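Below are the chains, spelled out letter by letter.
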Amino acid sequence: MKKVRTGGGWPAVAYTFRKAKEAGGLLKLWHAMRSKNACKTCALGMGGQRGGMVNELGHFPEVCKKSLQAMVADMQGAISPEFWNQYTPEKLQRLSPRELENCGRLTQPLLYTPQLQRFQPISWDEVYKRISQKLRELAADETFWYFSGRSSNEAGFLLQMFARLYGTNNVNNCSYYCHQASGVGLTSVTGSGTATILLEDLDHADLVFVIGGNPASNHPRLMRTLMQVRRRGGEVIVINPIVETGLVNFSVPSDPQSLLFGSKIASLYVQPHIGGDLALLTGIAKRIVELGHHDLPFLESACNGWPELSTQLEEASWEEIIEKSGVPKEQIDALAEKYAQSKNAVFSWTMGITHHVHGVQNVQAIGNLALLRGMVGRPGAGLMPIRGHSNVQGIGSVGVTPKLKDAIFDRLQDHFGVSLPTTTGLDTMECMEDAASGKLKFGFCLGGNLYGSNPDAKFAERALKNLDMLVYLNTTLNTGHAFALARETIILPVLARDEEPQPTTQESMFNLIRLSDGGPQRLEGPRSEVEVIAKIADYTLGDDSPVDWKSMHDTGRIREAIAAIVPGFEKIATIADTKEEFQIDGRTIHEPRFPTPDGRAQLHCHTLPKLASTEDRKLRLMTIRSEGQFNTVVYEEIDLYRGVPRRDVVLIHPDDIKRLGLDLSSTVTVSGPAGTLSGITLHPFKEIRPGNTAMYFPEANVLVSRQLDPVSKTPAFKSVLVTIEAD
Ligand code: SF4
């Protein structure tokens, strides 16, 4: 398969027409995309009351393949009742993630038990009885509640409140496996766990760092912004072990000049070895200080820890930095010189930074670098984690974490006159471990694919199978429904965001609260997440509960509670009437005063981790997402921007194929700390440096151990030591 020379472009335009055909015509797709609902895919944020395909600055058209893929998937027809007679879980396991996604929409509640040997449609009333009966049998701390970042603030708030009033804090969300290190790391630097800037700030930046991510595939609309930085004479620095096509050149379809001639994105592209980011970031910081380009007045007036960091940078040796980053000195110098010349720099990153055992330290090192030149705490400059799911930040803000923030805890108790559990709640991996050990008996998954997003896939399957009951709320099928089936598994079909009967809200990565109008139901059967949660709560806790769960079917009622309980969300109470979307107070940092106890930012010192050795035929592997997927959801088998025609491949440099004596004509077995994958095709890939390799997430999770960043509890999906042997 020939690799394209640029991202986006005419292939994206052609793809739009292909998707329109799938959706039943261009007009039908157009109406769906223009509805006043937040984009269902990433957190960059489109849609809402500004209208579909409009970004936070009011620019139109803003649309990408990811948003089209998610919309067209929701516009599929229903899975037929006969399907369940034919497709047992064993047969479902033979379908690829893409084939499962394309089976159609879930429309009937389904029950699976080993005795039934297949999924069997079941009535909603029976479902509520089964779940509530199981919950009444169990102790609350024998249960866990997992949330995807795609659900609304209302569904997230309601379910976390139900779980706590039921008696447990085993409440967590998908960010534990992706950006938790950003939240924890940023909070330790600025006092706030989210971006310090607005989308508008990027219009004033003259330098944007893109570190450990491939937004050309996963957040494509950011490419227009980066194109404009370059057009203004600004710089885009990319730090990534892989040279990604769309980060070198991207043709923005909505810009005629770019569509016709392409647009250069990266002005400097540096490839550290996998796991070498912390050393590289420390090296750039050291060089900035050597060049005298650090902002001493800012460091002394607005930051803590400068003397310690100054000493660490001085003492760090270039030999160590070069060895532990894999980047030659002259490239580090070039990075520092470009940074030193910038007036307004924005630092952005994704999971190439967070998916390491030192993920939090990576985020802190980015914070150090930004603070060194006073690039936080003013317009046009700052820190911007590029978040995943469209409402992953909102879910966290409304309380979907094991431990509630004190203010939310107190206000929730006061508002409803309840006493909440004070037990230590479990995070996502702790829930998996306790499911495997039998301590947990019940799991509830609001959207997402907990099984698919777990490292050590065989363990994840065992753990979830060890539960008495597992409840899934989803719109379509995924690998979890095929592999992770408990002694009793219930799948509940839910409505998509633009099918909701009532307005809902979402929070973008720029801390903007959007209002989604919802829309007409496409298929008979699915129900709103809020309705299902309120019903289960009512069936389980009944009329004795201090909360009137029947009234909680009303998303307006839930927003009143969020407004009273979650600091910064006061305006959400009236958003459905005012239609006024709003920035959450206190999140954007445009002045050198930080939401920390003393108002100062915090610098951090780090011990540089060694690179994993590639002696003894070893390679450093990182799991990656293809251009044809979003998180665990696979929409296309091919990875267009990397020129990879299939997913059961290992991307490996030709020098390593030679070093390991492998032969392209035979398949290989890749062995990692948690398992092996055989029958894998070698895909020669010069865009990654020798010694490093890559395979697709979630299939490669079989190889990935359950080793975590001790601070963020995020698995190290991007630093796995593997061996590759011919089959
Ligand atoms: S970049 Fe993200 S928010 Fe924007 S249209 Fe694409 S998927 Fe949606």
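### Comments concerning the overall build of the protein chain
Scanning the protein chain from N- to C-terminus turns up 29 helices and 27 strands. Its C-alpha atoms give the protein chain principal-axis dimensions of about 70 × 60 × 50 Å. When the 727 residues of the protein chain are sorted by exposure, 65% land in the buried category. Intrachain contacts of the protein chain at a sequence separation of at least 6 include 78% that bridge at least 24 residues. Positive and negative side-chain charges of the protein chain, numbering 76 and 81 respectively, have mean locations separated by a distance of 5 Å.

### Some details on helix α9 (residues 180-190)
Judged by how many residues are buried, α9 sits mostly within the fold: eight of eleven residues are covered. Of all the positions in α9, only Q180, A181, S182, G183, G185, L186, V189 and T190 are classed as buried. Tucked inside the fold, the buried residues of α9 contact β11 (345-349), α19 (351-354), α20 (359-372), β12 (382-385) and β19 (601-602). Positive backbone phi, approximately 95 degrees, marks G191, located one or two places after α9.

### Points about the domain arrangement of the protein chain
For the protein chain, the domain assignment lists domain 1 (7-74), domain 2 (108-178 + 391-578), domain 3 (181-386) and domain 4 (618-726). Here the C-alpha centre of domain 3 lies 35 Å away from the C-alpha centre of domain 2. Contacts between the two partners involve six residues from domain 2, matched on the other side by twelve residues from domain 3. Buried area between domain 2 and domain 3, summed over both chains or domains, comes out near 710 Å², and the portion from carbon and sulfur atoms is 61%. The three residues of domain 2 that bury the most area against domain 3 are C178, M509 and F510, which together make up 75% of that side's buried surface. Linking domain 2 to domain 3 there are zero salt bridges. Between the two partners, domain 2 and domain 3, sit four residue pairs in polar contact (both at pLDDT 80 or more). Its residues placed into classes, the side of domain 2 that touches domain 3 shows four nonpolar, two polar and no charged.

### Observations regarding the pattern of salt bridges
For the structure on display, the rule yields 50 salt bridges. Its salt-bridge partner being E62, residue R224 comes within 2.8 Å of it at the nearest N-O pair. Remark: E62 occurs in the loop between α2 (26-34) and α3 (65-74) and R224 occurs in helix α11 (residues 222-231); sequence separation between them is 162 residues. Here R224 and E62 have matching classes, each one buried. Residue K713 pairs with D427 through a salt bridge whose shortest N-O separation is 3.7 Å. Taken together, the residues span a long stretch of sequence, with K713 in the loop between β26 (692-696) and β27 (720-726) and D427 in the loop between α22 (406-416) and α23 (428-437) at a distance of 286 residues. For K713, a relative accessible area of 26% corresponds to the partly exposed category. In this structure, a network of salt bridges that share partners links the residues K40, D74, R105, R150, D498, E499 and R522.

### Re the pairing of strand β23 (residues 649-652)
Here β23 shows a buried face lined by V649 and L651 and a second buried face lined by V650 and I652. Bridge count for β23 against strand β25 (residues 676-684) is four bridges, and the pairing is parallel. Residue pairing for β25: V650 is matched across the bridge by L682. The pairing of β23 with β26 spans two bridges and is antiparallel. Its bridge partner lying in β26, L651 is registered against A694.

### With respect to unusual backbone geometry
Look at the link from F60 to P61: it is a cis peptide, with omega at -5 degrees. Position of P61 relative to the elements: it lies in the loop between α2 and α3. Backbone geometry at D616 places phi at a positive 55 degrees, although glycine is not the residue there. By secondary structure assignment, the location of D616 is in the loop between β19 and β20 (618-624).

### Structural notes on the site of the ligand
By nearness alone, every residue bordering the ligand is listed as C39, T41, C42, L44, G45, M46, C64, K66, S67, H219, P220 and R221. Taken together, the residues of the shell around the ligand break down into six nonpolar, four polar and two charged. Both domains that meet at the shell around the ligand, namely domain 1 (7-74) and domain 3 (181-386), each give it at least three residues.

### Observations concerning the sheet that holds strand β14 (residues 469-474)
Spatially, the seven strands line up as an open sheet ordered β3-β2-β15-β14-β13-β4-β5, and their pairing is mixed. Taken across any chain shown, the strands that pair with only one partner, and hence form the sheet edges, are β3 (119-121) and β5 (171-173). For this sheet, the mean inter-axis angle between neighbouring strands, taken without regard to orientation, is 20 degrees. Helix α8 (residues 153-166) contacts β4 (143-147), β5 and β13 (442-446) of the sheet and is inclined by roughly 170 degrees relative to β4. The sheet strands contacting helix α26 (residues 529-541) are β13, β14 and β15 (489-493), and the helix crosses β13 at an angle near 155 degrees.

### A look at the packing of α8 against helix α27 (residues 555-565)
The contact between α8 and α27 brings their axes to 10 Å, and the two run at 75 degrees. Judged by the inter-axis angle, α8 sits roughly perpendicular to α27. Facing N153, E154, F157 and L158 of α8, the residues of α27 in contact are T555, I558, R559, A561, I562 and I565. A breakdown of the residues in the contact of α8 with α27 according to their chemical character gives six nonpolar, two polar and two charged.

### Topic: the packing of aromatic side chains
Under the defined criterion, the tally for this structure stands at 20 aromatic pairs. Ring geometry for Y128 versus Y539: centroids 5.2 Å apart, planes at 50 degrees, classification tilted. With Y128 in helix α7 (residues 124-137) and Y539 in helix α26, this pair connects stretches of sequence that are 411 residues apart. Here F697 and F717 contribute two aromatic rings whose centre-to-centre distance is 5.7 Å and whose plane-to-plane angle is 85 degrees, an arrangement assigned as edge-to-face.

### Brief notes about the environment of T667
Mapped onto the elements, T667 comes out in the loop between α29 (654-659) and β24 (668-671). Given a relative accessible area of 31%, T667 falls into the partly exposed group. In this structure the C-alpha to C-alpha distance between T667 and F697, which are 30 residues apart in sequence, comes to 19 Å. Apart from residues lying up to four places away in sequence, T667 is in contact with G679, I680, T681, A726 and D727. Looking at T667, its side chain comes within polar contact range of the side chain of D727, at 2.6 Å.

### As for the side chain of H653
Note on placement: H653 falls in the loop between β23 and α29. Discounting chain neighbours no more than four positions away, the residues touching H653 are F685, K686, I688, R689 and P690.

### Let's talk about a nonpolar patch on the surface
Judged by side-chain polarity, W10, L260 and F261 come together as a nonpolar surface patch covering roughly 420 Å² of accessible area. Position of L260 among the secondary structure elements: in helix α13 (residues 256-261). With relative accessibility at 56%, the residue L260 sits in the exposed group.

What counts and how
- Residues numbered from 1 in each chain as written.
- Predicted model: local features only at pLDDT ≥ 70, side-chain atom pairs only at ≥ 80, totals over all residues.
- Heavy atoms only, no water.
- Helix = DSSP H or I, 4+ residues; strand = E, 2+ residues; numbered from the N terminus.
- Buried < 20%, exposed > 50% of the residue type's maximum accessible area, 1.4 Å probe, protein only.
- Contact = heavy atoms within 4.5 Å.
- Lys, Arg positive; Asp, Glu negative; His and termini not counted.
- Charge placed at Lys NZ, Arg CZ, Asp CG, Glu CD.
- Domains from an automatic or database assignment.
- Buried area = accessible area lost by both parts, 1.4 Å probe.
- Salt bridge = Lys/Arg side-chain N within 4 Å of Asp/Glu carboxyl O.
- Polar contact = N/O pair within 3.5 Å; in protein donor to acceptor, adjacent residues only side chain to side chain.
- Nonpolar A, V, L, I, M, F, W, Y, C, P; charged D, E, K, R; others polar.
- Pairing = 2+ DSSP bridges.
- Near = heavy atom within 4 Å.
- Axes fitted to C-alpha atoms, helices over the stretch in contact; angles between N-to-C directions.
- Parallel < 35°, antiparallel > 145°, perpendicular 65-115°, else oblique.
- Phe/Tyr/Trp six-rings, centres within 6.5 Å; stacked < 30°, edge-to-face > 60°.
- Patch = residues over 30% accessible without salt bridge, like charges linked within 9 Å, V, L, I, M, F, W, Y side chains within 5 Å.
- Areas by Shrake-Rupley, 256 points an atom, 1.4 Å probe, with all protein chains shown as cover.

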